[in-house]
Amino acid sequence: MRFDFLTIFPGMVSAFLAEGVVARAIEKGLISVHVVNIRDFAGDPHRTTDDRPYGGGDGMVMKPEPIYGALRSVGREGGRSQVILLSPQGERFDQAMAWDLARYDQLIFLCGRYEGIDERVRLLCADREVSIGDYVLSGGELAAAVVTDAVARLIPGVLGGTRSNLEDTFEGGLLEYPHYTRPEVFMGHRVPAVLLSGNHEKIRRWRRTESLRRTMKRRPDLLERAHLTREDEEILAALRGRGEVRAE
Ligand code: 6GU
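Reading guide: rules and limits
- Every chain is numbered independently, its residues counted from 1 as its sequence is written.
- In keeping with the model being predicted, local features are shown solely for residues with a pLDDT of at least 70 and side-chain atom pairs are shown and tallied solely at 80 or more, while totals for entire chains, interfaces and linings include all residues.
- With hydrogens and water set aside, each side-chain value is computed from the structure's full complement of heavy atoms.
- Stacked, edge-to-face and tilted labels apply to pairs of Phe, Tyr and Trp rings (six-membered ring for Trp) whose centres lie within 6.5 Å, assigned for plane angles under 30 degrees, over 60, and everything in between, in that order.
- Segments assigned H or I by DSSP are reported as helices when at least four residues long, segments assigned E as strands when at least two residues long, and all are numbered from the N terminus.
- Burial here depends on accessible area, computed with a 1.4 Å probe over protein chains only, as a share of the maximum for the residue type. Under 20% is buried, over 50% is exposed, and the range in between is partly exposed.
- Each residue is tested against the molecule or strand, and it is near if at least one of its non-hydrogen atoms lies within 4 Å.
- Counting of polar contacts relies on pairs of N or O atoms within 3.5 Å, with two restrictions inside protein: one atom must be capable of donating a hydrogen and the other of accepting it, and residues adjacent in sequence are counted only when both atoms are side-chain atoms.
- Throughout, the Shrake-Rupley method with a 1.4 Å probe supplies accessible areas, and for residues the shown protein chains are the sole cover considered.
- Polar here means any residue other than Ala, Val, Leu, Ile, Met, Phe, Trp, Tyr, Cys and Pro, which are nonpolar, and Asp, Glu, Lys and Arg, which are charged; Gly is therefore polar.

Asker: Honestly, the packing of aromatic side chains in this entry has me stumped. Any pointers?
Answerer: The geometry of an aromatic ring pair is captured by two quantities: the separation of the ring centres and the angle between the planes. Summed over all chains, the structure comprises two aromatic pairs. On the basis of an interplanar angle of 15 degrees and a centroid distance of 6.4 Å, the ring pair of Phe3 and Phe109 is categorised as stacked. Of the two residues, Phe3 sits in strand β1 (residues 2-7) while Phe109 sits in strand β6 (residues 106-111), which places them 106 residues apart along the sequence. When sorted by exposure, Phe3 lands in the same class as Phe109, which is buried.

Printed below as a string of structure tokens:
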């Protein structure tokens, strides 16, 4: 899978790509990345990428021509590609969208800056507009990095070893259970005895219970949409019976 980043701050994107899971995926040849400096496609000696807004007002607007030029310079990798405009006005990114995007052969991220981007870019160039949450960032670069990380780790082989991402928080619709490693006692706090018991069935049930307890407490909205088994319902009823979590 190929990822292209159109930005006026290529260094910001390159820094993110240089370490961690994404960097390993590039080394392994599982993904390829291309960072394009929009400024290289400005038509004037000053390499201008923004201008004052028609109609007046504060702030600057990203000009359409350099972005259009940058986009045309990006080769389309066979099959399926999507141009994604990162903006706080976009559709909210979540795990389901990550899976959807992971089906493409190429994702082209258009990182907006300043107060905004000329509306015609949105109209003519973007297949979809994506936001990573209800807060304002200074530009789309961090958002593109977030989306890239979440999508890349879904590509087969990117997560090494045997760990499956199907157990991750959100994949089953629930928050994950707590994790422990050595030592057995840290600052007076013991690892729950069940995890040392070697009883796999008991451990499985404990983890499911903690996952449900945590989700109920922190993200009851997720619980409403989760696929719950009969056992889950029993565990939840028991938790509610103990007054640990409120019944709806
Ligand atoms: Cl994608 N861009 C910007 N500038 N701010 C954001 C965002 C994107 N998502 C949330 N806030």
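There's more to say after this.
Asker: Would you mind going over unusual backbone geometry with me for this structure?
Answerer: Leave glycine aside and you will find that most residues have negative phi; peptide bonds, for their part, are mostly trans. Residue Pro183 is bonded to the preceding Arg182 through a cis peptide linkage, with omega at 5 degrees. Along the chain, Pro183 turns up in the loop between α6 (141-152) and β9 (185-186). Its identity as a non-glycine residue notwithstanding, Arg47 has a phi of 55 degrees, on the positive side. Residues other than glycine seldom take positive phi values, yet Met187 does so here, at roughly 50 degrees. In this fold, Met187 is placed in the loop between β9 and β10 (189-190). By relative accessible area, which is 69% here, Met187 ends up exposed.

Asker: What's the story with the site of the ligand in this structure? I'm lost.
Answerer: Taken together, Leu86, Ser87, Pro88, Val130, Ser131, Ile132, Gly133, Tyr135, Leu137, Gly139 and Ala143 form the complete shell of residues around the ligand. With respect to the ligand, the side chain of Ser131 contributes an N or O atom lying 3.3 Å from a nitrogen atom. Protein contacts shield 96% of the accessible area of the ligand, which totals 290 Å² for the unbound molecule. At the level of secondary structure, the elements contributing two or more residues to the shell around the ligand comprise β5 (81-92) and β8 (128-131). Broken down by element, the shell around the ligand gets its largest block of residues, three residues, from β5. Tallied by class, the residues present in the shell around the ligand amount to seven nonpolar, four polar and no charged.

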